[in-house]
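Fold and contact review
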Amino acid sequence: DPEKVKKKKFWWFTNSPTVIVMVGLPARGKTYISKKLARYLNWIGVNTAVFNLGQYRREAVQTYKNYEFFRPDNEEAMKIRRNCASNALTDIGAYFTKEQGQVAVFDATNTTRERRGLILSFAKEKGYKVFFVESVCDDPDIIEQNIMQVKLSSPDYENCDKEEALEDFLKRIECYKMTYVPLDEEKDRHLSYIKIFNVGSRYLVNRVQDHIQSRIVYYLMNIHVTPRSIYLSRHGESDLNLLGRIGGDSGLSTRGQMYASALAAFVQSQSIRDLKVWTSHMKRTIQTAEALGVPYEQWKALNEIDAGMCEEMTYEEIQGHHPEEFALRDQDKYRYRYPKGESYEDMVHRLEPVIMELERQENVLVICHQAVMRCLLAYFLDKSADELPYLRCPLHTVLKLTPVAYGCKVESIFLNVQAVNTHREKPPNVDINRKTEDALQTVPEHV
Amino acid sequence: FYIGVFFLPHLCFTVSLYLTLSLSLGPAVCMTNCPTLIVMVGLPARGKTYISKKLTRYLNWIGVPTKEFNVGQYRRECLKIYKNFEFFRPDNEEGLKIRRQCALSALNDVRQYLCMEGGQVAVFDATNTTRERRDTITRFAEQNGFKVFFVESVCEDPDVIAENIVQVKLGSPDYIDCNTEEAVADFMKRIKCYENSYQPLDEGLDRELSYIKIMDVGRRYLVNRVLDHIQSRIVYYLMNIHITPRSIYLCRHGESDLNVRGRIGGDSGLTSRGKEYAKSLGHFIQEQNIKDLKVWTSQMKRTIQTAEALAVPYEQWKALNEIDAGVCEEMMYEEIQEHFPLEFALRDQDKYRYRYPKGESYEDLVQRLEPVIMELERQENVLVICHQAVMRCLLAYFLDKSAEELPYLKCPLHTVLKLTPVAYGCKVESIFLNVEAVNTHRDKPENVDISRPTEEALLTVPAHQ
C-alpha cells in the first residue's frame, strides 16, 4: 500500500514546504547565502528555488535610474515594490503546489516588521513553515568588498562607472537603514530564525522546528568567505582503467605513476598555502598521494561507486551478462543502483559529510574517482541530477575551483601525461531490447 | 601508517601527533592537532552534568576519546561529608580554598588525560560562573596548547529547575540522609550562593572566546567563534538534543530464512515464526499506546516485512541496512572458517575494527549510523526495526558501551528493547514477545590465534539447521 510506506531516500521528510526568508540591509550577503543554500539543498535532494525580489523589480521597472527609487517616501516606487513582493509570494505558492518544490528562499531585504508580517500571514494561511535567515554586518570593509564583487556588475549599474555606482549604492543602503528593524530577541521570540553576525563569527539561533531547519543551520554555520581553492583530481591511470574494467582496487599503471609525479610538481609550483590532501581508501588514490610527499588523509566516503555484481567487469561483459541492467542504467543513470551496489544518488548521500568538511576547510586537494568527482563537481557547479553522471572528469586532469561572486571559477589543467579515456556517453538507444552494438556504441577504447 | 611528529616550539612539553590513519570517520575529527577542553558554565541545576555526560557519550561513540571531569566529585572526595549549603557561601574562606584546590586537581587530571593518556576532548564540568575562574582555565589551556570551547546553560524557568533537582540532585550522595523537603530547601539555598557572583558569558566582553550559550533548554542558542570541525560537530549535536520525555524501541526484524540456516547477511524474507513475531510486535505496539510513534526500517526485505505487519506508516533508511559482510555474505560460520580461516581469526581478534574483505567493519557502521543517531536525538517516540550488528551499534550509543563490548552486545531475535532516558542515563526494559527463534549470537571464542584448529574456531557458533 503506497500510502503506508513513506520511502525516504534521505532522512529529511518535509511534511510542509518551508519558506526561508532572508533579512538584512543591501550588501550583507543575502543573495550569496540564498544561492549557496539552494545549491546545497538541491544537491542533497531537497527541491529548492530562490525568488530574488530584485529581479522582479527589474522586470517591473525595466530601467533603473538611481537610488531615489528606494527612498522610503517614494509612494509610487513603494507601490511597485509591494506588488513585486506579492507576485513573488504567489510564485512561491505555485512552486510548492505545482512544481513539487520543498523549500523556497525569499531573497529580499525584508527589513521591516510589516513586510515580515505579510510573509508570515501568507505562510500561515497556506500551511508553510517559515525560517528567517538574517545577516547583520557593520564592517565597512566587508560591505565595500561585497559591493565591488557583485553590485557593480549588476544590470542596475550597466552604464555607470565604478565611483558613480558605488556612491549610488551606498545611498541606496541609507534608504533602507532608516526603516530597518532587525529580528528582536524579545519581540520575535516565537519566530524560527538564525541571525548571522559579521560573516559568521557569531550566530543566534532561535526555535529550530525540524530536521531541515537544523541542517540549514548546520550548513550556514560551516560556510565561510575566506578566499581559497579546491583542487579535484582522479587517481593516476590504473591497471584496471587500461583494461576497460570498472571498479576494483588496482594499482597505478606506469603512466599513472608518471601522473602522480606530475601532480606533485604541479602542487609545488602552485605554492598553495596550508594545502590539505585527501584520498579515498583505495590503492590507486593512495599511491597517487604518496608521490606528493606530503601528509594526506584517507576518507572511506571518497571510495569509488560500488558497482556490486558488475565490479571489475568491462562494459562488454556487463552487456553480455546483464543486458537488461545495462539498459536500465542508461535510462536513469543517476538513480540506477547496481545489484548489490550503489547509485549516484546513494553516493551524493555518502559524500555529504565530505562536502560539509570541504566547506569548512580552505585549500584542499581531493584525489578521488570518476563517479565521486562527478558528484563533487555537480555540487560546486550546481549541475542537475540528469547532468551529473555525464560530467567529464578525465584522468590526469586537475580541476581548480575558486569561489568567485555567486559561483565558482573552474580551471582545467591537463598534466601532460597520456591516459585512457574512461568516459562513456549516454547511447541514443536505451531500450532494454536494444542490440548489443547499440548498447556498446559509446564504450571508450581499451586494451 | 604515516606518523609525523611536530614540536611546537612555543609550548613547553607539548607534543602534537599528526597521524594519517585508515579512518572511517571524517579525518578532521581524528586529526585535531590540539586537544579540546570543553568548559561547562552555569548555575547549579542547569543541566551541565546532563550535557557533559551526553556529549562525552556521543563523542566516544563516534571515536573521539573524551572524558568528563566533574568538580563536584573531587569536592566529595576531599570533604567526605557534606553538611549543608553553608559550604558554598561566598564568604566561607575555608570552603573557597577547598573548592579552588578541587578545581586545580581536576585540571591536573585533565592535563594528564589530554597529554599522556591519548585523550582528545576533556569536559570540565563545574559551575565556572565567574570570569576569574574562566580566565584561570583559559590560561591553563593556553599553557598546555589546548583549544577551549565554553558551553553555557542559562535557564530561568522554575519548573525546569525544580524537575532537575528532583531527578538528579535528590539522589546525590550529598543528600543521602535527607528527606525530600530538606534536600530541596538546601539545594535552593546553594543555588543562591552562586547567583550573586554569576557573570554569564557576555557578547561584548567575551567576544574573543569560542562558546555556545544554550538558553531555555534549547529554545535559543548563541554561538560564537566556532574554531574547527570538532566544535562545529559539538554545536550541531547540542542543537539537536532535547529533554522531552519519550522512549526509543529497538528490535530486529523477525526471524529470517537465512537466520534459521545459520547464514549471515543476505536479503531473505521472514520465516513463519518471523511473521508471527511481526504480528506480536503489532499487538505490542498497540498495547503500549505510544503517542505519535515513528517507525523506521532498513531497506532490506526482512525489516520491511516486519514493519508491514504493523499496518502503520514507516520510513526506510538505507543507513539501517545490516553490516556488509563482503565476500562472506550469505555464508555460514563453518563455511567462513573453511574458506577464510585467517579472516575468521582476525575478526575474532578485533571484531570492532575488522573489515570483511569488500565489506564493512563495526567501526564503519558507527559512522554510517551517525545521522540515524542524530535524527533519533531530534525525534520523540521511535521504533527502529533493524539488524543485529546495527542494533548493537545503536545500543552501544545509548548505553555508553565501549568499542570492545559493542560487537558482543546481546540483541536476540524477537525481543524489543525499550530505552527511556532517565536522570543521566537510560533505563532499559527487555521484552521478549514470546515467539521462539534461533539464536544468532556468537560469543568470542577463547582461541583467536590464526593457526587455531577448526573445532576451536567454531566452538561458539550457535546451533542452526
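Residues numbered from 1 in each chain as written. Chains lettered and ligands numbered in written order. Predicted model: local features only at pLDDT ≥ 70, side-chain atom pairs only at ≥ 80, totals over all residues. Heavy atoms only, no water.

1. Quick notes on the confidence of the model for chain A
Reading fine detail from the predicted coordinates is not recommended where pLDDT is low. Here chain A shows a mean pLDDT of 93. Residues at 70 or above account for 97%. Ignoring residues within four places in sequence, the model shows residues 1–12 of chain A, a span with pLDDT below 50, making 34 contacts including any to other chains. (pLDDT = per-residue confidence, 0-100. Contact = heavy atoms within 4.5 Å.)

2. Quick word on the interface of chain B and chain A
On the chain A side, the residues contacting the 49 residues of chain B number 38 residues. In this assembly, chain B packs against chain A so that about 4100 Å² is buried in total across both faces, 51% of it on carbon and sulfur atoms. Between the two partners, chain B and chain A, sit six salt bridges. Between D346(A) and K318(B) there is a salt bridge, and its shortest N-O distance comes to 4.0 Å. Joining chain B to chain A, the criterion identifies 13 residue pairs in polar contact (both at pLDDT 80 or more). Those elements giving two or more residues to the side of chain B that touches chain A turn out to be β2 (15–20), β3 (22–23), α1 (27–30), β8 (211–215), β9 (220–224), α8 (229–238), β12 (314–316) and α14 (362–378) of chain B. The pairing of strand β7 (residues 202–206) of chain A with β9(B) spans five bridges and is classified as antiparallel. Pairing of L204(A) across the sheet is with L222(B), part of β9(B). (Buried area = accessible area lost by both parts, 1.4 Å probe. Salt bridge = Lys/Arg side-chain N within 4 Å of Asp/Glu carboxyl O. Polar contact = N/O pair within 3.5 Å; in protein donor to acceptor, adjacent residues only side chain to side chain. Helix = DSSP H or I, 4+ residues; strand = E, 2+ residues; numbered from the N terminus. Pairing = 2+ DSSP bridges.)

3. Quick notes on the environment of Q361(A)
Residue and element names in this part refer to chain A. Looking at the element boundaries, Q361 is found in the loop between α13 (344–360) and β11 (364–368). C-alpha of Q361 to C-alpha of T226: the two residues are 135 residues apart in sequence and 9.5 Å apart in space. Here the side chain of Q361 touches K276 through a polar contact of 3.0 Å, side chain to side chain. Polar contacts involving the side chain of Q361 include one to the side chain of E357, which spans 2.8 Å.

4. Notes on the UniProt feature "binding site: substrate" (unreviewed entry) in chain A
Residue and element names in this part refer to chain A. UniProt feature "binding site: substrate" (unreviewed entry): in the numbering of this structure it lies at R234, H235, G236, E237, S238, D239, L240, N241 and R284. The largest pairwise C-alpha distance within this set of annotated residues, which runs over 51 residues, is 14.1 Å, so the set is compact in three dimensions. On the secondary structure map, H235 appears in the loop between β8 (230–234) and α8 (239–242). Judged by its relative accessible area of 2%, H235 falls in the buried class. Excluding its chain neighbours within four sequence positions, the residues that come into contact with H235 are N241, Y259, R284, T285, T288, I367, C368, H369 and L395. A polar atom in the side chain of H235 sits 3.3 Å from the side chain of R284. Locating D239 in the fold gives a position in helix α8. Apart from the residues lying within four places of it in its own chain, the contact partners of D239 are S250, G251, L252 and S253. (UniProt positions renumbered as here; feature names shortened; annotations may be inferred. Buried < 20%, exposed > 50% of the residue type's maximum accessible area, 1.4 Å probe, protein only.)

5. Things to note about helix α7 (residues 211–220) of chain A
All names here are of chain A. For α7, a buried count of ten out of ten residues is recorded, marking the element as mostly surrounded by other parts of the structure. For α7, the complete set of buried residues consists of H211, I212, Q213, S214, R215, I216, V217, Y218, Y219 and L220. Sitting at the head of α7, D210 places a side-chain oxygen 3.4 Å from the backbone nitrogen of I212.

6. Points about helix α5 (residues 131–144) of chain B
Compared with an ideal rise of 1.5 Å per residue, which puts 14 residues at 20 Å, α5(B) spans 20 Å between its outermost C-alpha atoms and is within 8% of the ideal. When we look at burial in α5(B), the residues that qualify are R131(B), R134(B), T136(B), I137(B), T138(B), F140(B), A141(B) and N144(B). (Expected span 1.5 Å × (residues − 1).)

7. Overview of the side chain of T56(B)
Residue and element names in this part refer to chain B. Tracing the chain through its elements places T56 in helix α2 (residues 48–61). One polar contact links the side chain of T56 to the main-chain carbonyl oxygen of S52, over a distance of 2.7 Å. Sequence-distant contacts of T56, defined by excluding residues within four places in its chain, comprise T66, K67, E68 and V123.

8. Comments concerning the pairing of strand β6 (residues 193–197) of chain A
Residue and element names in this part refer to chain A. Burial analysis of β6 places five of its five residues in the buried class, the great majority of the element. Burial along β6 is two-sided: the residues Y193, K195 and F197 and I194 and I196 are all buried. In terms of strand pairing, strand β5 (residues 129–136) meets β6 through five bridges, oriented parallel. Residue pairing for β6: F132 is matched across the bridge by Y193. Of the strand pairs in this sheet, β6 and β7 are connected by five bridges, and their pairing is antiparallel. In the strand pairing of β7, I196 is matched with Y203. Where β6 folds back onto β7 in an antiparallel hairpin, the turn is made up of four residues, including N198, whose phi is positive at roughly 45 degrees.

9. Brief notes about the packing of aromatic side chains
As enumerated under the stated definition, the model contains 31 aromatic pairs over all chains in all. Measuring from ring centre to ring centre gives 6.3 Å for Y249(B) and F284(B), while their planes differ by 75 degrees; the resulting arrangement is edge-to-face. Residue Y249(B) is located in strand β10 (residues 248–252), and its partner F284(B) is located in helix α10 (residues 272–288); the two are separated by 35 residues in the primary sequence. Comparing Y249(B) with F284(B), the two get one shared label, buried. Chaining the aromatic ring pairs together yields one cluster made of Y64(A), F69(A), F70(A), Y157(A), F169(A) and Y176(A). Looking at R39(A), its charged tip hangs above the ring of Y379(A), at a distance of 4.7 Å from the centre. (Phe/Tyr/Trp six-rings, centres within 6.5 Å; stacked < 30°, edge-to-face > 60°. Lys NZ or Arg CZ within 6 Å of the ring centre and 35° of its normal.)

10. As for the UniProt feature "binding site: substrate" (unreviewed entry) in chain B
All names here are of chain B. When the UniProt feature table is mapped to this numbering, "binding site: substrate" (unreviewed entry) covers R252, H253, G254, E255, S256, D257, L258, N259 and R302. Relative to the assigned elements, R252 resides in strand β10. R252 gets classed as buried once you look at its relative accessible area, which sits at 3%. Setting aside its immediate chain neighbours within four residues, R252 contacts N259, Y277, I385, C386, H387, Q388, M391, C411, P412, L413 and T440. Within the structure, the side chain of R252 is placed 2.7 Å from the backbone oxygen of C411, a separation counted as a polar contact.

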